[in-house]
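Here is what each chain is made of, one letter per residue.
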Amino acid sequence: MPARTEINFFMRIRTHSILRFVALLISLLMASYASGAEPVIRVGLFPNVTHAQALVAKNMSREGKGWFETRLGVKIDWYIFNAGPSAMESIFAKSLDVTYVGPSPAINAYARSNGMEVRVLAGSMRGGAALVVGEEVTDIAGLKGKILATPQLGNTQDVECRSWLMGQKFNVTLTGGDVRIIPTQNPDILTLFQQKNIAGAWTVEPWVTRLLETKGAKILHQDNETVTTILVARAAYLAENPELVKKFTAAHCELTEWIKANPEEAQRRVRDELSAIMRREMPAELIKQSWARLIPDASISLAPFEKFQERARQTGLLRIQANLSNLLAP
């Protein structure tokens, strides 16, 4: 018994020492973080060609010569999302500082927070989205009774799809109607389309081009002038780091011009990064064909957001008429 008591005594001492060490380590790590020893900007993006600026910059980050890092002197942590609503939830949770996203989720987040959580910093991409249908759909009228897919409920393509169908006099509801819309992740959209479980999909590049590789597939509708991707910041982060965010925005605008001036290298970097994210080789021809439908553009104004808000309200995905006067960052 004495021996066992002695062993238990030393075990308690050892456990206590370990706990003290762990507590000290955590304290040191928190102190290091609080001191701002290595500033970090947490940036969101989607694995779509319409997020070309983010993919190019992430590719450079992976090579150790990041576009933003060299211009801002900070570390960039990249976070990948399937669609906008998920990225906006991360903004609300304060786990993202800046993100590339579609306009509809940004407006929805702005409205939900009474204009408190989101600020638009710049434009990023126009075009690169389309409604692709299978061979059984020969015209717009042929969509009646069919099932279409979009990347996520409430994302930009989902709102655009529902609004456009309503404009074609279809009855569309959140759960059914003349045309049923099922929000589905892009890789699953491709599989469902190839198996003819859906009649078509409203999505973005490179998925538009991948869908078009299916026998009989065609574009039924597209608008290359539509704003597809923008750059937004968490409002509190912008307020706390105005100069840093201003530099990030300037670097983004500079990168947009670089992409326009260097399309071949930009396509190579987008392809390399998508291949790394998807863990399989992306064909160069796929990126090239996708690129033809893209217009990199960092300019921004309130007009497209007012249009997107009206469409979101029309579809029932947004019930608030938000005052957008503070949406754009000063």
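Residues numbered from 1 in each chain as written. Predicted model: local features only at pLDDT ≥ 70, side-chain atom pairs only at ≥ 80, totals over all residues. Heavy atoms only, no water.

1. Quick notes on the nonpolar core
And step 1. Among the nonpolar cores identified, the biggest contains 39 residues, and Ile-41, Phe-68, Phe-248, Val-270 and Trp-291 are the most heavily contacted of them.
And step 2. A per-element tally of this core places helix α10 (residues 242-261) first, with seven residues.
And step 3. For Trp-291, the residues in contact, after removing those within four places along its chain, are Val-49, Ala-52, Ile-259, Pro-263, Ala-266, Gln-267 and Val-270. (Core = buried A, V, L, I, M, F, W, Y, C linked by side-chain atoms within 4.5 Å. Buried < 20%, exposed > 50% of the residue type's maximum accessible area, 1.4 Å probe, protein only. Helix = DSSP H or I, 4+ residues; strand = E, 2+ residues; numbered from the N terminus. Contact = heavy atoms within 4.5 Å.)

2. What about the pairing of strand β8 (residues 200-204)?
And step 1. The element β8 is extensively covered by neighbouring structure, given that five of its five residues are classed as buried.
And step 2. Both faces of β8 are covered, namely the face carrying Gly-200, Trp-202 and Val-204 and the face carrying Ala-201 and Thr-203.
And step 3. Summarising the sheet, strand β5 (residues 129-133) and β8 pair through five bridges and their orientation is antiparallel. Paired with Val-132 across the strands is Ala-201, a residue of β8.
And step 4. Two strands pair when backbone bridges link them, and strand β6 (residues 147-150) and β8 are joined in this way by two bridges, in the parallel orientation. Looking across to β8, one finds that Ala-149 is bridged to Ala-201. (Pairing = 2+ DSSP bridges.)

3. Quick notes on the pattern of salt bridges
And step 1. Enumeration according to the criterion identifies 21 salt bridges in this entry.
And step 2. For Glu-63, the salt bridge goes to Lys-65, with nearest N and O atoms at 3.8 Å.
And step 3. Taking the shortest distance from any N to any O, the salt bridge between Asp-297 and Arg-126 comes out at 2.9 Å. Note that Asp-297 is positioned in the loop between β11 (294-296) and α13 (303-315) and Arg-126 in strand β4 (residues 118-127), a separation of 171 residues in sequence.
And step 4. The class of Asp-297 is buried, set by a relative accessible area of 18%.
And step 5. Taken together, the shared-partner salt bridges connect Glu-63, Lys-65, Glu-265, Arg-268, Arg-269 and Asp-272 into one network. (Salt bridge = Lys/Arg side-chain N within 4 Å of Asp/Glu carboxyl O.)

4. Some details on the environment of Glu-117
And step 1. As for its position among the elements, Glu-117 is in the loop between α5 (103-112) and β4.
And step 2. Excluding anything up to four places from it in sequence, Glu-117 contacts Ile-91, Phe-92, Ala-233, Arg-234 and Ala-235.

5. Quick word on the packing of helix α2 (residues 52-62) against helix α11 (residues 263-278)
And step 1. Two elements in contact, α2 and α11, have axes whose closest approach is 8 Å; the angle formed by their N-to-C orientations is 75°. Viewed along their axes, α2 and α11 adopt a mutual orientation that is roughly perpendicular. Contacts from Ala-52, Leu-55, Val-56, Lys-58, Asn-59, Met-60 and Arg-62 in α2 reach Ala-266, Arg-269, Val-270, Asp-272, Glu-273, Leu-274, Ala-276 and Ile-277 in α11.
And step 2. Of the residues belonging to the contact of α2 with α11, the class tally is nine nonpolar, one polar and five charged. (Axes fitted to C-alpha atoms, helices over the stretch in contact; angles between N-to-C directions. Parallel < 35°, antiparallel > 145°, perpendicular 65-115°, else oblique. Nonpolar A, V, L, I, M, F, W, Y, C, P; charged D, E, K, R; others polar.)

6. Regarding the sheet that holds strand β1 (residues 40-45)
And step 1. Across the sheet, six strands lie side by side as β2-β1-β3-β10-β4-β11; this open sheet has mixed pairing. A single partner strand is all that each edge strand has here, and the edge strands are β2 (75-80) and β11. When the angles between neighbouring strand axes are averaged without regard to direction, this sheet yields 25°.
And step 2. Across three bridges, β4 lies against β11 in antiparallel orientation. Residue Arg-126 lies in a different strand from β11, and its bridge partner there is Ile-295.
And step 3. Sitting on the sheet, α10 touches β1, β2, β3 (98-101), β4, β10 (227-234) and β11, and the angle it makes with β4 is about 5°.

7. Digging into the side chain of Ser-113
And step 1. You can see Ser-113 is positioned in the loop between α5 and β4.
And step 2. Of the residues examined, Ser-113 reaches a relative accessible area of 11% and is grouped as buried.

8. Notes on the confidence of the model for the protein chain
And step 1. On average, residues of the protein chain score 88 in pLDDT, and 88% of them reach the 70 mark or higher.
And step 2. Here residues 1-36 scores under 50 on pLDDT; set against residues more than four positions off or in separate chains, the count is one contact. (pLDDT = per-residue confidence, 0-100.)

9. Re α5
And step 1. Of all ten residues in α5, nine are buried, a share of seventy percent or more.
And step 2. If you check which residues of α5 are buried, you get Pro-103, Ser-104, Pro-105, Ala-106, Ile-107, Asn-108, Ala-109, Tyr-110 and Ala-111.
And step 3. Contacts from the buried residues of α5 go to α4 (84-92), β3, β4, α6 (156-167), β10 and α13.
And step 4. A positive backbone phi angle near 55° is found at Asn-114, which sits one or two residues after α5.

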